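Spelled out, the chains give:
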Amino acid sequence: MSNWGKDHLGTGSSEPLTAVIIGNGPSGICLSYLLSGYTPYVKPDAVHPHPLLQRKLAEAPGVAILDQDLNYLSEGLEGRCQSPVALLFDALLRPDTDFGGDMESVLTWKHQKERAIPHVVLGRNLPGGAWHSIEGSMVTLSRGQWMGLPDLPVKDWMRRKRRY
Ligand SMILES: Cc1cc2nc3c(=O)[nH]c(=O)nc-3n(C[C@H](O)[C@H](O)[C@H](O)COP(=O)(O)OP(=O)(O)OC[C@H]3O[C@@H](n4cnc5c(N)ncnc54)[C@H](O)[C@@H]3O)c2cc1C
């Protein structure tokens, strides 16, 4: 591992990296966020509109989603993809999107350093992937309030960007 890698990751050791993420688009950014120790929990006062999922979530209050049985939580969820974990995270991050709603995510994220896994993200260009080649005149397929990364709605990012 290069000195850059050591300094950048703050590991300061010659231990090999546990994970290498190839590609620094939205998928790589989200995976890196999780591997950095950012951990999803259900907000204490959140009520999910899917009654079965809500009942299952209520069985383990205060337990990180990653420590729960993801197969069990995702059973019965339907959507546009085949991956049960992706369906579950879609349902938690955008609870009623398929019905045209704009309910807020039921997740809150906590940074827990002890969960962090040393990793590096490789990309050919600046982080952002395909979004760098989307011209300003193009519109997103998703509605504006659905856009964002796990803990960063685009509207919050735009607000901060204007401030600094
Ligand atoms: C006009 C338009 C509108 C869209 N609107 C929406 C929307 O509203 N909502 C939505 O969710 N999605 C939308 N998308 C789709 C969006 O592009 C994808 O959701 C998202 O970019 C996928 O992210 P990704 O990280 O999987 O892949 P990408 O964004 O393609 O990123 C992958 C990155 O990895 C790099 N890479 C690949 N292989 C290697 C390698 N071997 N070594 C190093 N680097 C590598 C690539 O150069 C690229 O930068 C839209 C797309 C377009 C074109």
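Per chain, residues are indexed from 1 in the order of the written sequence. Only residues with pLDDT of 70 or above have their local features reported here, since the model is predicted, and side-chain atom pairs are shown and tallied only from 80 upward, although totals for entire chains, interfaces and linings are computed over all residues.

(A) Broad picture of the overall build of the protein chain. Secondary structure counts use DSSP, requiring at least four H or I residues in a row for a helix and at least two E residues in a row for a strand, with both numbered from the N terminus. Scanning the protein chain from N- to C-terminus turns up six helices and six strands. In sequence order, the secondary structure elements of the protein chain are arranged as α-β-α-β-α-α-α-β-β-β-β-α. Projected onto its principal axes, the C-alpha coordinates of the protein chain cover approximately 50 × 40 × 35 Å. The burial tally for the protein chain puts 7% of its 164 residues in the buried class. Note on contacts: residues are paired as contacts if their backbone-placed C-beta atoms lie within 7 Å. Counting contacts in the protein chain only where the partners sit at least 6 residues apart, residues at least 24 apart contribute 66% of the total. To sort residues by exposure, count the other C-beta atoms lying within 10 Å of each residue's C-beta; 20 or more gives buried, 12 or fewer gives exposed, and values between give partly exposed, all with C-beta atoms placed from the backbone.

(B) Fine view of the site of the ligand. To decide nearness, the C-beta atom of each residue is placed from the backbone, and the residue is near a molecule or strand if that atom lies within 6 Å of it. Neighbouring residues of the ligand: 19 residues in total, closest Gly23, Gly25, Ser27, Gly129 and Thr140. Top contributing element to the shell around the ligand by residue count: helix α2 (residues 26-35), with three residues. Note that Gly is not counted as nonpolar here; it falls among the polar residues with everything else outside the nonpolar set of Ala, Val, Leu, Ile, Met, Phe, Trp, Tyr, Cys and Pro and the charged set of Asp, Glu, Lys and Arg. Broken down by class, the residue content of the shell around the ligand amounts to eight nonpolar, ten polar and one charged.

(C) View of helix α5 (residues 84-93). Within α5 the residues assigned to the buried category are Leu88, Ala91 and Leu92. For α5, the buried positions fall inside an angular range of 95 degrees around the axis, keeping them on one side. In this description, one arc is meant: the one made by directions from the helix axis to the C-beta atoms.

(D) A look at the nonpolar core. Each nonpolar core comprises buried Ala, Val, Leu, Ile, Met, Phe, Trp, Tyr and Cys residues, the members being joined through C-beta atoms within 7 Å. In terms of nonpolar packing, the biggest core is built from eight residues, these being Val42, Leu53, Leu57, Leu73, Leu88, Ala91, Leu92 and Val106. Secondary-structure elements contributing two or more residues to this core are α3 (51-58) and α5. Looking at this core element by element, the count peaks at three residues for α5. Look past the residues within four positions of Leu73 in its chain and what remains in contact with it is Leu53, Lys56, Gln68 and Leu88.

(E) Local environment of the confidence of the model for the protein chain. Each residue carries a pLDDT value, the predictor's own confidence for that position, ranging from 0 to 100. For the protein chain, per-residue confidence averages 88 on the pLDDT scale, and residues scoring 70 or more make up 91% of the total. Within the protein chain, the element-level pLDDT minimum falls on helix α1 (residues 3-9), averaging 47, and the maximum on strand β2 (residues 38-42), averaging 98. When the criterion is pLDDT under 50, residues 1-8 qualifies, and its contacts beyond four places in sequence or with other chains add up to five contacts.

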